[in-house]
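# Commentary on secondary and tertiary structure
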Amino acid sequence: MNENYDVVVVGGGAAGLNGALMLVRSRRSVLVLDSGTPRNAPAAGVHGLLGHDGIPPAELYAKGRAEVRSYGGEIEDAEVVGAERAGDGFVVRLRDGRTVRARRLLVTTGLVDDLPDIPGVREQWGSGVIHCPYCHGWEVRDRPIGVLAIGPMATHQALLFSQLSDDVILFGHTNPPSPEQAAQLAKRRVRVVSGEVTEVVVEGGAIVGVRAGGTVVPREVVAIGAPMRARVGFLESLGLKTVPHASGMGEHVPVDPMGRTEVPGVWAAGNVADLAAQVGSAASAGAMAGAQINADLIMTSL
Ligand SMILES: Cc1cc2nc3c(=O)[nH]c(=O)nc-3n(C[C@H](O)[C@H](O)[C@H](O)COP(=O)(O)OP(=O)(O)OC[C@H]3O[C@@H](n4cnc5c(N)ncnc54)[C@H](O)[C@@H]3O)c2cc1C
């Protein structure tokens, strides 16, 4: 690692690697620091991504890393634990004690899905327990699906899954639907089961049911919309803050359409800024932020 870079990209998922690609192709010195836990790591394949539908996440990111490196970009497997402003740039601190300097920062650290503490959920996350009809919906089409009402979008989620299977149950759990939502669900033939969910029942590595109000209802797939939290707590010292997202789905870092945060010199892209971004839109936001950082560095040199 050099000590000084034009840009340090914190996070090497779709957003970070695409941002880095734009920057290295603009002859910027770039270091990507990545702790190796992209959000979709538990999934078998990336779906809905033109030209790459079904590609295993690790394969996509390996290709992206190779592309960034082919233009001279550097990528380190390392965790960033903090950053401070230093002169007209930043000092970035790594967990192993090293520091690097950057003129600009691109933060692409993604988000954390705050999964409910219900037995079976965590172990099945990304296979039997899913969140997104566009990521895994086709793969679970026509199967018995249970949607767990743990967030404000549960009814919406159940309505979307009803496009993929005729056997969808919304488990009211701690967030039962309103009479208006219940009427919408009925129109799409989504049944509602009340009672708190205490277990996603797993046998032989597969989901066989959902225990609600003490009764096990047979299901093969569970969908949940867990609250989402941008992964930026370690950058609080820079003044980078999260705010509640308008959807009520969690906390994100606000950015302008170019990815610029409220902190001068710091851009953010992908899930850290946009909780709803999929791989394609995260990559696209990263590319936009990378291009804007390059333009900003040019303007600074005038
Ligand atoms: C189970 C599951 C399946 C999904 N399937 C699909 C799908 O089929 N299609 C689709 O389009 N989308 C899918 N998604 C959504 C997809 O995961 C996100 O859109 C995408 O990961 C967002 O990219 P990102 O670059 O913003 O963040 P991430 O991919 O999460 O990348 C963030 C990176 O930052 C790194 N990082 C975090 N903190 C630090 C730190 N302090 N220091 C250094 N590095 C750090 C992480 O290790 C990670 O590699 C799925 C999501 C889940 C949960």
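Every chain is numbered independently, its residues counted from 1 as its sequence is written. Only residues with pLDDT of at least 70 are given local features in this predicted model, and only at 80 or more are side-chain atom pairs given and counted; all residues enter the totals for whole chains, interfaces and linings. Remark: hydrogens and water are excluded; side-chain values derive from all non-hydrogen atoms of the structure.

Labelled according to an unreviewed UniProt entry, the protein chain appears under the name Oxidoreductase, originating from Virgisporangium aliadipatigenens.

## Comments concerning the pairing of strand S10 (residues 168–171)
To keep things clear, this is the line we draw: For each residue, the accessible area found with a 1.4 Å probe, counting protein chains only, is set against the maximum for its type, and the residue is called buried under 20%, exposed over 50%, and partly exposed in between. Secondary structure elements are taken from DSSP: a helix is a run of H or I of four residues or more, a strand is a run of E of two residues or more, and numbering for both begins at the N terminus. If DSSP finds at least two bridges between two strands, the strands pair. Consider the strands pointing away from the viewer: the crossover is right-handed when the path from the first strand over the helix to the second runs clockwise.
Neither face of S10 is exposed, since Val-168 and Leu-170 on one face and Ile-169 and Phe-171 on the opposite face are all buried. Of the pairings in the sheet, the one linking strand S9 (residues 145–148) to S10 comprises four bridges and is parallel in character. Looking at S10, one finds that Gly-146 is bridged to Ile-169. Where the polypeptide runs from S9 across helix H5 (residues 154–161) and back to S10, its parallel neighbour, the crossover connection is right-handed. Where S10 meets strand S11 (residues 191–193), three bridges bridge the pair, whose relative direction is parallel. Its bridge partner being in S11, Leu-170 is matched across the sheet by Val-192. Where the polypeptide runs from S10 across helix H6 (residues 179–187) and back to S11, its parallel neighbour, the crossover connection is right-handed.

## Some thoughts on the environment of Gly-270
The test is simple: The contact definition used throughout considers only heavy atoms, calling two residues in contact when any of these lie within 4.5 Å.
If you trace the backbone, Gly-270 turns up in the loop between strand S19 (266–268) and helix H7 (279–300). Each residue touching Gly-270, except ones within four places of it in the same chain, is listed here: Ala-15, Ala-277, Ala-282 and Ala-285.

## Here's the deal with the sheet that holds strand S8 (residues 129–130)
Basically, it comes down to this: Axis geometry follows a simple rule: fit a line to the C-alpha atoms, using only the stretch in contact for helices, then measure angles between N-to-C directions, giving values from 0 to 180 degrees.
If you walk across this open sheet you meet the five strands as S8-S15-S9-S10-S11, and the pairing is parallel. For this open sheet the edge positions go to S8 and S11, each flanked by a neighbour on one side alone. Sheet contacts for H5: S8, S9, S10 and strand S15 (221–224); angle to S9, the most-contacted strand, approximately 165°.

## Looking at the sheet that holds strand S13 (residues 206–212)
Each strand in a sheet pairs with another by means of backbone hydrogen bonds, the pair being arranged parallel or else antiparallel. If you trace the three strands from one edge of the open sheet to the other, you get S12-S13-S14, paired in antiparallel fashion. Strands at the two margins of the open sheet, each flanked by one partner only, are strand S12 (197–203) and strand S14 (215–218). Taking the axes of each pair of neighbouring strands and ignoring which way they run, one obtains an average angle of 30° across the sheet. The sheet contact formed by S13 and S14 spans four bridges and is antiparallel. Of the residues in S14, the one forming a bridge with Gly-209 is Pro-218.

## Considerations on the pattern of salt bridges
The condition that has to hold: We count a salt bridge whenever a side-chain nitrogen from Lys or Arg sits within 4 Å of a carboxyl oxygen from Asp or Glu.
Counted according to the given criterion, the structure contains 15 salt bridges. Where Glu-84 meets Arg-93, a salt bridge forms, and the shortest distance between an N and an O atom there is 2.9 Å. For Glu-199, the salt bridge is made with Arg-211, and the minimal N-O distance between the two is 3.0 Å. Of this pair, Glu-199 sits in strand S12 while Arg-211 is found in strand S13, placing the two residues twelve residues apart along the sequence. Given the relative accessible area of 24%, Glu-199 is considered partly exposed.

## Comments concerning the UniProt feature "domain: FAD/NAD(P)-binding" (unreviewed entry) in the protein chain
Going by this rule: UniProt positions are given in the numbering used here, feature names are shortened, and annotations may be inferred rather than shown by experiment.
Per the UniProt entry, the sites bearing "domain: FAD/NAD(P)-binding" (unreviewed entry) are residues 5–283 in this numbering. Annotation note: span residues 5–283, helix share 20%, strand share 31%, distance between end C-alpha atoms 22 Å.

## Some details on the packing of aromatic side chains
So the rule is basically this: Each Phe, Tyr or Trp ring, with Trp reduced to its six-membered ring, pairs with another whose centre is within 6.5 Å; inter-plane angles below 30 degrees give stacked pairs, above 60 give edge-to-face pairs, and intermediate values give tilted ones. For a lysine, the NZ atom is tested; for an arginine, the CZ atom; a charge sits over a ring if that atom is within 6 Å of the ring centre and within 35 degrees of the ring normal.
Tallying each qualifying case throughout the model produces zero aromatic pairs. A cation sits over an aromatic face here: Arg-141 above Trp-138, 4.0 Å from the ring centre.

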